Amino acid sequence: MASLRKTSDTIVKPAAEDASISAARLDVEDGTMEELGYAAVYRRVLRSAANLSIVLSLTSPLSAIFVTATYQITYAGYWGLTWGWFIPSVLVIPEVLAISELASSMPVNGAFYWWSGALAPPRWSHSVSFITGYLNILSIFTATAAFAYAVSSSFSSAVVIAVPDMAWTNAQLMGLSIGIVVLWSALMTLKLEQVAIIYMTMGKRPTLMSAPDTFAKANSAPSPAVLIGIQTLLFILGLPITHAVQNLPFAPASKVFGQFTSYSDWGPSVAVPYSWFCALWVNSAWMVPVYMAEETHRASIEIPKSLILTYSATAIVGLVVSIICAFCITDIDAAGTDITGYPLFTLILSHWGDKITSAFLLFVAPVGFIGGSGTLLTYANQIAAFARDKGLPYSSHMLYVHPRLNIPTYSVGFLAIGTGLVLLLSLSEEASNIIYSLSVVASLITFVIPIFFRIFASDRWVPGRFSLGRWSIPVHITALITQSYLIVMECFPPEKAWTVHTFNYNSIVTIGAIILSCIMYVLYGRKHFKGLDMEALNGWRRHHGVIVE
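Predicted, not measured: the structure shown is a model, and the values here were computed from it. (Residues numbered from 1 in each chain as written. Predicted model: local features only at pLDDT ≥ 70, side-chain atom pairs only at ≥ 80, totals over all residues. Heavy atoms only, no water.)

1. Structural notes on the overall build of the protein chain
Here is step 1 of the chain: Along the backbone of the protein chain there are 27 helices and zero strands.
Here is step 2 of the chain: Counting only residues that meet the buried cut, the protein chain has 55% of its 549 residues in that class.
Here is step 3 of the chain: A fraction of 82% describes how many contacts in the protein chain between residues 6 or more apart in sequence connect residues 24 or more apart.
Here is step 4 of the chain: Surface exposure of the protein chain reaches about 21700 Å², of which carbon and sulfur atoms provide 67%. (Helix = DSSP H or I, 4+ residues; strand = E, 2+ residues; numbered from the N terminus. Buried < 20%, exposed > 50% of the residue type's maximum accessible area, 1.4 Å probe, protein only. Contact = heavy atoms within 4.5 Å. Areas by Shrake-Rupley, 256 points an atom, 1.4 Å probe, with all protein chains shown as cover.)

2. A word on the pattern of salt bridges
Here is step 1 of the chain: Taken as a whole, this structure holds two salt bridges when the rule is applied.
Here is step 2 of the chain: Of the charged contacts, one joins Glu294 and Arg388 as a salt bridge, the two residues approaching to 3.0 Å between their closest N and O atoms. Of this pair, Glu294 sits in the loop between helix H16 (277-282) and helix H17 (299-328) while Arg388 sits in helix H20 (residues 373-388), and the two are 94 residues apart along the sequence.
Here is step 3 of the chain: Lys305 is paired through a salt bridge with Glu302; the nearest N and O atoms lie 3.5 Å apart. Placement of the pair is Lys305 and Glu302 together in helix H17, with a separation of three residues, close to one helical turn.
Here is step 4 of the chain: According to the relative accessible area criterion, Lys305 is partly exposed, its value standing at 36%. (Salt bridge = Lys/Arg side-chain N within 4 Å of Asp/Glu carboxyl O.)

3. So, the side chain of Thr74
Here is step 1 of the chain: Here Thr74 is to be found in helix H5 (residues 61-76).
Here is step 2 of the chain: Those residues in contact with Thr74, other than ones at most four positions away along the chain, are Thr261, Ser262, Tyr263, Ser264 and Gly336.

4. What to know about the packing of aromatic side chains
Here is step 1 of the chain: For the coordinates displayed, the defined rule picks out 39 aromatic pairs.
Here is step 2 of the chain: On the numbers, 4.6 Å between centres and 55° between planes, the contact of Trp498 with Phe503 is tilted.
Here is step 3 of the chain: By way of ring pairs, the aromatic residues Phe66, Phe235, Tyr342, Phe345, Trp352 and Phe360 are connected into one cluster.
Here is step 4 of the chain: Taking NZ or CZ as reference, Arg388 lies 4.1 Å from the ring centre of Tyr38, over its face. (Phe/Tyr/Trp six-rings, centres within 6.5 Å; stacked < 30°, edge-to-face > 60°. Lys NZ or Arg CZ within 6 Å of the ring centre and 35° of its normal.)

5. Section: the confidence of the model for the protein chain
Here is step 1 of the chain: Put simply, the protein chain has an average pLDDT of 82, and 83% of its residues get 70 or more.
Here is step 2 of the chain: Put simply, helix H12 (residues 212-218) is where the protein chain has its lowest mean pLDDT, 33, and helix H6 (residues 78-91) is where it has its highest, 96.
Here is step 3 of the chain: In the predicted structure, residues 1-28 sits below a pLDDT of 50 and forms 44 contacts with residues beyond four places in sequence or in another chain.
Here is step 4 of the chain: Taken as a whole, residues 201-224 scores under 50 in pLDDT and shows 45 contacts with residues more than four places along the chain or in a different chain. (pLDDT = per-residue confidence, 0-100.)

6. A word on a nonpolar patch on the surface
Here is step 1 of the chain: A contiguous nonpolar surface patch, about 550 Å² in accessible area, is contributed by Ile511, Ile515, Leu516, Ile519, Val522 and Leu523.
Here is step 2 of the chain: Mapping Val522 onto the fold places it in helix H26 (residues 506-528).
Here is step 3 of the chain: Judged by relative accessible area, which is 44%, Val522 ranks as partly exposed. (Patch = residues over 30% accessible without salt bridge, like charges linked within 9 Å, V, L, I, M, F, W, Y side chains within 5 Å.)

7. Some words on the nonpolar core
Most often, soluble globular proteins keep nonpolar side chains buried together rather than apart.
Here is step 1 of the chain: Among the nonpolar cores identified, the biggest contains 109 residues, and Ile99, Met106, Phe112, Trp114, Trp115 and Val290 are the most heavily contacted of them.
Here is step 2 of the chain: Take this core: its biggest share by element is 13 residues, from helix H9 (residues 122-162).
Here is step 3 of the chain: With residues up to four places along the chain from it excluded, the contact list for Ile99 reads Phe112, Trp115, Trp286, Val290, Leu307, Phe447 and Ile451. (Core = buried A, V, L, I, M, F, W, Y, C linked by side-chain atoms within 4.5 Å.)

8. Notes on the packing of H5 against H6
Here is step 1 of the chain: Close contact between H5 and H6 brings their axes to 7 Å; oriented N to C, the two are set at 110°. Judged by the inter-axis angle, H5 sits roughly perpendicular to H6. The chirality of how H5 crosses H6 is right-handed. For the pair formed by H5 and H6, the contact residues are Ile65, Gln72, Ile73 and Ala76 on the first element and Tyr78, Trp79, Gly80, Leu81 and Trp85 on the second.
Here is step 2 of the chain: Across the contact of H5 with H6, the residue classes tally to seven nonpolar, two polar and no charged. (Axes fitted to C-alpha atoms, helices over the stretch in contact; angles between N-to-C directions. Parallel < 35°, antiparallel > 145°, perpendicular 65-115°, else oblique. Left-handed = near helix turned anticlockwise from the far one by under 90°. Nonpolar A, V, L, I, M, F, W, Y, C, P; charged D, E, K, R; others polar.)

9. Description of the packing of H5 against H17
Here is step 1 of the chain: The contact between H5 and H17 brings their axes to 11 Å, and the two run at 60°. For the element pair H5 / H17, the angle class is oblique. Of the two elements, H5 crosses H17, and the hand of that crossing is right-handed. On the side of H5, the interface is formed by Pro61, Leu62, Ile65 and Gln72, while H17 contributes Thr314, Val317, Gly318, Val321 and Ser322.
Here is step 2 of the chain: Grouping the amino acids of the contact of H5 with H17 by side-chain chemistry returns five nonpolar, four polar and no charged.

Here's what the structure looks like:
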């Protein structure tokens, strides 16, 4: 296989028109894409700082906690705001490390479906890869719709505080959500370099120079996500200062860290993991850099760094915010039974009043309006990657990457239209709850599949530059166990005495999506899906000394 690199370079031609860009890319990335049988079509313009900014803009941890902290408080009271954030953050660490190792080994935009196909036994590779990819495609439509709806709901809540007489209908929220998706799509008409600047808000413009060293200097780490940092700092300082100025008593540490109170009808065995959902959902976008591996400079190093940095940053910020809120809640019983469903909004309102609260929340809202465009940017790459292996109809269009924008424009449009169609379901609260639930468990399952096959991969595994060494298998096993447990708990209904309207449809919808993915494989994938290039994949393994002839 000594001729493998030469063969890849001569037969698989990069689609970029600029030969110097192609040469620089090969020099930086050692021809990884070409070795795996693909043409490198993206300009590598991102590094860990840009990836960190994209994730922070997506998660907007402060505003996300405002919306989802009801799980912490309703199911565990003070305990939920402290240990209910810390424990799940620790439980997810093995998954972060496992996916970081996978991303370093195989830095391709296909990510989870590609890793699953590469690590599964050869006779299963084709079907496993397609089913995982199709399940992921289904989940990202609902995930994008849910994100847009959450942004519009947060904005509408801020408007209602400023204008109490205004009442938002489902139709108005749906219209606002679709408008947000249109705004996100408009941002995708910018070059990827310019989109990155929007997320970072400060720093030098990242440009691809003729030499990797020059590129690294031009794209050195700036101050990322400044707006989010300012918002968070204002809250972290402003809430306790206001609390003290008003001579309100702080909750004692013994209660904040030791008092468990469930305001649901579930016992601790279900209420405790339910209190973790705020942390799990707020810090759920840390893995999006893996969808942009082919646009990232030195991806086998920078992607693992991005994953660990983004997860750590969001986990720490969320813990600080939750603890501060806990100390400033003087009546946990009132918070646990808050009829609005947003106890932290009530907390802020009681401290800052209508005008300041409204101004602050409207200051927070633009982050979701702009930062949420990262869902289109990252998820469209997954669609384009799947289309590259002919996993979708009209794949020749879906895989197209605009040479100037450096973005898969048709995939962005496909995702935006599909998201708009899903958002139509928000006219019915019951229907939207059922459909949007697909994005939760289905996503977790797609993460678990490659982790499972990694454990038994043997000589199908090629360590990357970030490697866990002898701890690799134990970490993947731990990640598999913890994620499987969380998947089960995600399927419990929020109330023990559930009704048709309050039932948790995660399990039913996810099973339906899996069945649909299998049916699509029989009807479409078995005939049209190209799958991974197994010859190139085996050659790559031999090149790295995993398979010895």
